[in-house]
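Each chain, written out:
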Amino acid sequence: MPFRQNAPVCGHTRQLWRAGFKVKRNMREPDKGTTDSSFEEKRIRVLCAEDADDLAFMLETLFGFQPDVEVVGRLRDADHLVSEVKRLKPDVLVLDLTMPGVSPLDALAELKTAALDCRVVVHSGRDDSETVRTALARGAHSLVSKGKDFEDVLAAVRSAARG
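Residues numbered from 1 in each chain as written. Predicted model: local features only at pLDDT ≥ 70, side-chain atom pairs only at ≥ 80, totals over all residues. Heavy atoms only, no water.

## Side note on the overall build of the protein chain
Part 1 of the argument: For the protein chain, the helix and strand inventory stands at seven helices and five strands.
Part 2 of the argument: Ordered by position from N to C terminus, the α and β elements of the protein chain give α-α-β-α-β-α-β-α-β-α-β-α.
Part 3 of the argument: The buried share of the protein chain, taken over its 163 residues, is 42%.
Part 4 of the argument: Long-range pairs, those at least 24 residues apart, make up 67% of the contacts in the protein chain with a sequence separation of at least 6. (Helix = DSSP H or I, 4+ residues; strand = E, 2+ residues; numbered from the N terminus. Buried < 20%, exposed > 50% of the residue type's maximum accessible area, 1.4 Å probe, protein only. Contact = heavy atoms within 4.5 Å.)

Right under this line is the structure:
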């Protein structure tokens, strides 16, 4: 991974570093001589809605190392969530619940009402039972605590994409 040698290391960086090395050993590329485009078609289109720049960078970097995941965009607030989901057509939305602007939980309910074909993985520091119940009732596929490893977020994204 292209990390600077003397860069400060935080818990998220360590998790990403570990996950990146696991991914690097297991990466699958399409056969060189084939013209089969099914490799590209299987990629999971992900939209990240995260206001914290460092965390969004870590998520985008982790997803970028996956041969089956493609980041199609990033939102720093939930104000235009539904319109951006309509425009970008992601398979999975990774949504933080503590962003400025419109409440992400209200935007999640609006997304459910719009009946768009996008599953939502909530990635939040708020993981109490009431928040989990509310997020699931408003249309989230799953909730992953920000205290978990990035590999858990990746597993939740893949699970959501499968249905």
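## Some thoughts on the packing of helix α4 (residues 81-88) against helix α5 (residues 104-113)
Part 1 of the argument: The geometry of α4 relative to α5 is characterised by a closest axis approach of 9 Å and an angle of 45° between their N-to-C directions. By the criterion of interaxial angle, the relationship of α4 to α5 is oblique. Side by side, α4 and α5 meet where Leu-81, Val-82 and Val-85 of the first sit next to Ala-107, Leu-108, Glu-110 and Leu-111 of the second.
Part 2 of the argument: Each residue belonging to the contact of α4 with α5 can be placed in one class, and the counts come to six nonpolar, no polar and one charged. (Axes fitted to C-alpha atoms, helices over the stretch in contact; angles between N-to-C directions. Parallel < 35°, antiparallel > 145°, perpendicular 65-115°, else oblique. Nonpolar A, V, L, I, M, F, W, Y, C, P; charged D, E, K, R; others polar.)

## Overview of the sheet that holds strand β5 (residues 142-145)
Strand pairing in a sheet is mediated by backbone hydrogen bonds. Such pairs are either parallel or antiparallel.
Part 1 of the argument: Spatially, five strands are ordered β2-β1-β3-β4-β5 in an open sheet, and the strand pairing comes out parallel. Whereas interior strands pair on both sides, the edge strands pair on one side only; in this sheet they are β2 (69-75) and β5. On average, each strand axis in the sheet is tilted by 25° relative to the strand beside it, whichever way the strands run.
Part 2 of the argument: The pairing of strand β4 (residues 119-124) with β5 spans four bridges and is parallel. Looking at the pairing, Ser-124 lines up with Ser-145 of β5. (Pairing = 2+ DSSP bridges.)

## Points about the nonpolar core
Part 1 of the argument: Ranked by size, the top nonpolar core spans 23 residues in total, and within it Leu-93, Leu-95, Leu-108 and Val-122 carry the most contacts.
Part 2 of the argument: Of all the secondary structure elements, the ones that give two or more residues to this core are β1 (44-49), β2, α4, β3 (92-95), α5 and β4.
Part 3 of the argument: Dropping the residues within four chain positions of it, Leu-93 is found in contact with Leu-47, Ala-49, Leu-81, Leu-111, Cys-118, Arg-119, Val-120 and Val-121. (Core = buried A, V, L, I, M, F, W, Y, C linked by side-chain atoms within 4.5 Å.)

## A look at the pattern of salt bridges
Part 1 of the argument: Across all of its chains, the model carries eight salt bridges by this definition.
Part 2 of the argument: In this structure, the salt-bridge partner of Arg-87 is Glu-84, at a minimum N-O distance of 2.7 Å. Remark: Glu-84 and Arg-87 occur in helix α4; sequence separation between them is three residues, near one turn of the helix.
Part 3 of the argument: According to the relative accessible area criterion, Arg-87 is exposed, its value standing at 56%. (Salt bridge = Lys/Arg side-chain N within 4 Å of Asp/Glu carboxyl O.)

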